[in-house]
Amino acid sequence: MSAADGSKPVKGIVTPIRLDYRYTPGAAQSRFLHGLKEGRLLGRRCPQCGKVYVPPRGGCPMCGVEFAEEVEVADTGTLVTYAVVNVNFANRVIDLPYISGEVLFDGSDMTSMVLVQGVSPDEVRMGMRVRAHWLPRDEWDYSFTNIDYVEPIDEPDADYESFKEAL
Amino acid sequence: MTEVLSAPHSMEFPYTRSTGPMVGAFLTGLRERKVFGVRDSSGRVVVPPPEYDARTAAALPHDDLVEVSPEGVVTSWSWNPKPRLGQPFERPFAWALVRLDGADTSLLHALDAPREQIATGMRVRVRWADETTGDIHDIACFEAVR
Amino acid sequence: MRPVAVVSYAQHASAREDNRNEVEILLPVLREALEPTGLTTQDIGFTVSGSSDYLAGQAFAFVSALDAVGPWPPIAESHVEMDGAFALYEAWVRLQHGDIDTALVYAFGKSSPGDIARVLSLQLDPYLVGPLWPDAVSLAALQARALLDADGIGEKDLARVVARDRRNAAGNPHAQVSEQTDEATLLAEPLYADPLRKHDCPPVSDGAAVVVLAAGDRARELAERPAWIRGIDHRIEGQYVGSRDLTVSASTRIAAQRAGVDGRADLAELHAPFSHQELILLEALGLDEDTTAVNPSGGALVSNPVMVAGLVRIGEAARRVSAGEGQRAVAHATSGPCLQQNLVCVLEAEQ
C-alpha cells in the first residue's frame, strides 16, 4: 500500500487505450498517393456532375456515383481562403504567426489544405495565385507532404466568381 | 492496376476517468486489499457493485457495502491462447468468472494456474499486486487455493 | 402499427478487402439494392446506417461513408454505433410516424484493418472490465464453457451447428467459409480458446449490406412480394458478464415474445458469431430445427462482417420470404459481449 494515497477515497483512474491497424486507402486514394510519389496531382471526375475531386475517395460525395475518369490537375492554383494562425497545437512547431490556407489547384473543384509561405499576413488575400513548392525529389514519399507549402506567383488575382463555388 | 498501398496506424488516447462514488468505493477497497459488493433489492450481493439496482433502478448505497472474501469458486473459465496487448499476462493464460464467498455474482479476471488443473468449481483466491493504487489491476489475477 | 416491409436487399462480404475502402465497397451494394426499386437516395424519406469508427480506427470513418449515398441536396439521416440491424429498427420506428413512406438502411465495416476481437473490447465497461482487455473470443469462450457445464449440451452439439452452417454456406456466394465437413472431422481439430475450436469462432470479414424499407401501399408498388415486418423488438441485459446467466438469453426470449414469434417460423436467421450461441438463441426464441430451417445462409459463422452481420440476417430472411422459400421467418441480431443485447424480427410474405 502506498503511503502517499493515504486514506483518500479513489475518485479517478487512468485507462490508456491503444489500438493498432493496418490502413489501406482503397483504390482511388492509392492512385492519388502514387501520383504524389511522381510529383503529380491526380484527381477523378464524377460522370454525373462533372466535378473533379482531389484527392478522390472512391465516389462523388454529392451524387453517390463511382468515379471513373482520372484527371491530372496542375500544381498552380488559387488561394480561396486562409487563416492566420497565432497558436501552435499538438506536435506542430512552426514559426508563428503562420498562414494556413485552402488552395484550389487549377483543374480541381475541391480545395486542399496547405501551408502558405512567402507572403505576410497583411498581404495574403483570397484569390491570390499560388504554386506548390515541393520537397526535393529524393525526399518524395506516398504523401501529400511532398508539397511543403504554396507560395505566391506573379499572376493577377483570380476573380471571386471563378472560385466562389469551392468555398 | 496500381499497387494498393498500406501503412501502419495506431490510435492512442490517455483517458482519465472519474469513477463516481460506487466504483470509487470498490476501487478504494481494492487498494486496501478488500473486495466489496452491494446488496440489491433481491437480497443478492453483487460484485462488483453496480450504481443502480437492476430490477428497481433505485440508487444502491455506496456507503453501505458488503465485504466479501478474497477467496471463492470458479463459475466459468476460458483459455486465452494468444494474449493481446494490455491483457494481464503476455503468455497464454485463463480468464475466469469467480464467485467470491459471500457474493452472489461473479467477478471477471485472469486466472494464473496450469491449464490441466483448471476446472469449473475449483477454489481460487485473489493474488494482490505488489503495489495497490485503486485500480482493477490491484487484483493481479486469481490463483488456485491449495 | 403501420405495416412496414423489406422491399429490397443487397450485400457484399469478403475476407480482407485491401483494394477498396469503405465507400468503394458500399457504393455497388447501394446501387444493387436501389436499382430494382427505381428509387434514388433523394426519393428516400429517411436514411439510417450502422457501423463504428473503431473498425477503421479513424475519427469520422463511419460518417464519411455518406459519400456513397450522395447526400446532396441534404437528406434526413441518422446513424447508430451498432450493427445495421439496430439502424433498421430506428428506420422502422421513424416510418411509424406516417409522414414518410420509404427508408434506406445500410451497414458497412472492415474488420480486417485492426484486430477486431480486441477492438470490440472498447464496448466493455471502461472502469473494471475494459482495462483488462478481454477480447471478444475470450468472452464468448467463457459463455461456451458455462453452457457446456450445464446439463444437456456437449461438444458434439457445437460441431453439429458448425457442420450445418457450412453445409448451408455452399449456396451463399458471400460466405468466407464453406468447405463441407462433418462432426467427427471438426471434433478432431485441436481446441483453440478452450472450450472453443477455431471453427466455433467467426471468420474475419469486410463487407456492407443495404435494406430498403417501405410502408403500406408504397411497399406493394416497389416490390412484387414484400417481406412484411409483423413484429420487431429489442431488449438489453446488464453489461457485466459475471452478473448474467450466460447459458440463457433472457433478452432474446422477451424480444421474441414481444415480436410475436409464437414458436412458429419456416426459417430463422440467427446472428450467432460463435457456434454455442446458436443453441442458446434457438432455445430463447422457442424454435427447433425439426420445424424451422436454421441459418439457411450459413449464418455469422461463415461470414461475419462486424456491424453488418445482423442486418444481413434480416436481409437474408426477408429475401427468402419474398422468394417464396418460406411464408414466415424470424431474424435475430445481437450486440455487446456474450449476447448482451438482442433484436428479434418476424417477417411474413403477403397473405
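Residues numbered from 1 in each chain as written. Chains lettered and ligands numbered in written order. Predicted model: local features only at pLDDT ≥ 70, side-chain atom pairs only at ≥ 80, totals over all residues.

Caption draft 1: Geometry of the interface of chain A and chain B. Listed by partner, the interface residues are 26 residues for chain A and 28 residues for chain B. Element by element, the count of residues in the side of chain A that touches chain B is highest for strand S2 (residues 17-23) of chain A, at seven residues. Residue composition of the side of chain A that touches chain B, by class: 14 nonpolar, six polar and six charged. Both S2 of chain A and strand S1 (residues 7-13) of chain B contribute to a ladder of seven bridges, which runs antiparallel. Bridge pairing in S1 of chain B links Tyr 23 of chain A to Ala 7 of chain B. (Contact = placed C-beta atoms within 7 Å. Helix = DSSP H or I, 4+ residues; strand = E, 2+ residues; numbered from the N terminus. Nonpolar A, V, L, I, M, F, W, Y, C, P; charged D, E, K, R; others polar. Pairing = 2+ DSSP bridges.)

Caption draft 2: View of the domain arrangement of chain A. All names here are of chain A. Its domain assignment divides chain A into domain 1 (24-73) and domain 2 (74-167). Centre-to-centre separation of domain 1 and domain 2, based on C-alpha positions: 20 Å. Listed per partner, the contact involves 13 residues of domain 1 and 16 residues of domain 2. At the level of elements, helix H1 (26-37), strand S3 (41-45), strand S4 (52-53) and strand S5 (70-73) are the ones that each hand at least two residues to the side of domain 1 that touches domain 2. The element best represented in the side of domain 1 that touches domain 2 is H1, accounting for four residues. Split into classes, the residues belonging to the side of domain 1 that touches domain 2 amount to eight nonpolar, three polar and two charged. (Domains from an automatic or database assignment.)

Caption draft 3: Looking closely at the pairing of strand S4 (residues 102-110) of chain C. All names here are of chain C. A large share of S4 lies buried, amounting to nine of its nine residues. Here S4 shows a buried face lined by Thr 102, Leu 104, Tyr 106, Phe 108 and Lys 110 and a second buried face lined by Ala 103, Val 105, Ala 107 and Gly 109. As paired strands, strand S2 (residues 46-50) and S4 are joined by five bridges and run parallel to one another. In the sheet register, Phe 46 faces S4, and the bridge partner there is Ala 103. Bridge analysis of S4 against strand S7 (residues 206-215) gives nine bridges, and the strand direction is antiparallel. Across the sheet, residue Tyr 106 finds its bridge partner in S7, namely Val 210. (Buried ≥ 20, exposed ≤ 12 C-beta atoms within 10 Å, placed from the backbone.)

Caption draft 4: Region of the structure containing the interface of chain A and chain C. On the chain C side, the residues contacting the 23 residues of chain A number 23 residues. Among the elements of the structure, S2 and H1 of chain A are those that each provide at least two residues to the side of chain A that touches chain C. No other element matches S2 of chain A, which puts five residues into the side of chain A that touches chain C. Looking at the side of chain A that touches chain C residue by residue, the classes come out as 12 nonpolar, seven polar and four charged.

Caption draft 5: Representation of the packing of helix H3 (residues 84-95) of chain C against helix H11 (residues 309-322) of chain C. All names here are of chain C. Interaxial distance between H3 and H11 falls to 5 Å at its minimum, and their mutual angle equals 60 degrees. Considering the angle they form, H3 stands oblique to H11. Contacts between H3 and H11 involve Gly 84, Ala 85 and Leu 88 on the former and, on the latter, Gly 310, Leu 311, Arg 313 and Ile 314. Across the contact of H3 with H11, the residue classes break down as four nonpolar, two polar and one charged. (Axes fitted to C-alpha atoms, helices over the stretch in contact; angles between N-to-C directions. Parallel < 35°, antiparallel > 145°, perpendicular 65-115°, else oblique.)

Caption draft 6: Structural detail: unusual backbone geometry. Here the bond from Val 54 of chain A into Pro 55 of chain A is cis, since omega is -5 degrees, no more than 30 degrees from zero. Secondary-structure assignment places Pro 55 of chain A in the loop between S4 and S5. In this structure, Pro 97 of chain A follows Leu 96 of chain A across a cis peptide bond, with omega equal to -10 degrees. Within the secondary structure, Pro 97 of chain A is located in the loop between strand S6 (76-85) and strand S7 (98-105). Despite not being glycine, Ala 57 of chain B shows a phi value in the positive range, around 70 degrees. Within the secondary structure, Ala 57 of chain B sits in the loop between strand S4 (45-46) and strand S5 (66-68). Since 8 C-beta atoms lie within 10 Å of it, Ala 57 of chain B is described here as exposed.

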